[in-house]
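# A closer look at the structure
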Amino acid sequence: MPLARRSLRITTALLAGVTATALFTGCASQGSSTAKDTPKAGSSTTAPTDGSATESATPTPTPTPTPTPVTLQQGQVWTAQQVYDFNPNFSPDPDYKVQAGSAAEQLVKLQGASFGWVNQTSGQTIEIAVAHPSADNVDQFSGQVAGKSQQVPIDGAPAGTVSYFNVAGGVGTLQVFTNNGYWIVIDSKMFLEPGDSYEVASDVMGNLQ
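Notes on the structure in this doc start here. Keep in mind it's a predicted model, so treat the numbers as computed, not measured. (Residues numbered from 1 in each chain as written. Predicted model: local features only at pLDDT ≥ 70, side-chain atom pairs only at ≥ 80, totals over all residues. Heavy atoms only, no water.)

### Some thoughts on the overall build of the chain
When helices and strands are counted, the chain shows six helices and seven strands. Along the chain, from the amino end to the carboxyl end, the secondary structure elements read α-α-α-β-α-β-β-α-β-β-β-β-α. The buried share of the chain, reckoned over its 209 residues, is 33%. Contacts spanning at least 24 positions in sequence make up 57% of the contacts within the chain whose residues lie at least 6 apart. As presented, the chain carries roughly 13500 Å² of accessible surface, and 55% of it is formed by carbon and sulfur atoms. (Helix = DSSP H or I, 4+ residues; strand = E, 2+ residues; numbered from the N terminus. Buried < 20%, exposed > 50% of the residue type's maximum accessible area, 1.4 Å probe, protein only. Contact = heavy atoms within 4.5 Å. Areas by Shrake-Rupley, 256 points an atom, 1.4 Å probe, with all protein chains shown as cover.)

### Describing the pairing of strand 6 (residues 171-177)
Of all seven residues that make up strand 6, six are buried, and the element is covered over most of its length. Hairpin geometry of strand 5 (residues 162-168) and strand 6 is characterised by an intervening segment of two residues between the two adjacent antiparallel strands and by a positive phi of about 65 degrees at Gly169. Of the pairings in the sheet, the one linking strand 6 to strand 7 (residues 183-188) comprises six bridges and is antiparallel in character. Residue pairing for strand 7: Gly172 is matched across the bridge by Ser188. Hairpin connection from strand 6 to strand 7: five residues lie between these consecutive antiparallel strands, with Gly181 at a positive phi of about 95 degrees. (Pairing = 2+ DSSP bridges.)

### Regarding the pairing of strand 5
Direction of pairing for strand 4 (residues 150-152) relative to strand 5: antiparallel, over a ladder of three bridges. Looking across to strand 5, one finds that Gln151 is bridged to Tyr164. Summarising the sheet, strand 5 and strand 6 pair through seven bridges and their orientation is antiparallel. The partner of Tyr164 across the bridge, within strand 6, is Gln175.

Okay, structure coming up:
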C-alpha cells in the first residue's frame, strides 16, 4: 500500500504539471495572435497596388480670360461730325438691334458695344461693334476671322493693326484688330469692296486711341 500511494502522488504531480504547461502554452498562443493582428501605434498598412485607396488630386481650374468692358456711347465710337462728313443723310438708327449669330453679337457677348446708323433717304444701314477682348484671346479670335475672310490693308492704320474683309448675303464686313487690343466690326450692304469701309474704320480707330 505505501508503494501504491507513492505512485498515485507521482501520477497526480505529473498531471498537474502537464495541465499547467498546457494552460501556459494556450495563453502564450493567444497573446501572440493578438499582437500579430493589432497594428502598433504609429504603424501604417500597405495601400492596395491598384490605386483604389489613393485620392486623386483635384485639378486647379484654368481661369477664363476676362475682356475689358467697353463703356463708350454711340457718339464716341463714331462721332456726329464724322458721320456727317461720311454722308450727311446718316443718323443713329432708333430701331437698331443686334442680329443673333452675327459678328456684332459675338462682340457684345465679350462685354463690347454695338450701334447702328441709318440713311434717312435710302434706308441703308451701317453697323459698328467694338470689343476689347483679353490679350490671351486676341490671337484666337483673329485666327477664327482669318479662316473666313481675306486679310486686307488699311492705309494709314497704326502698325500692328490687322484687318479682314468678306462679303456674305450681300453684306460687306470689315473686321479690325487694332494694335491697342480692340476688335472692331463694321458692316453694311453699302460695303461691297474693302475700300468702301476704310473711312469709317479710320474714324473709329482714331476714336479708340
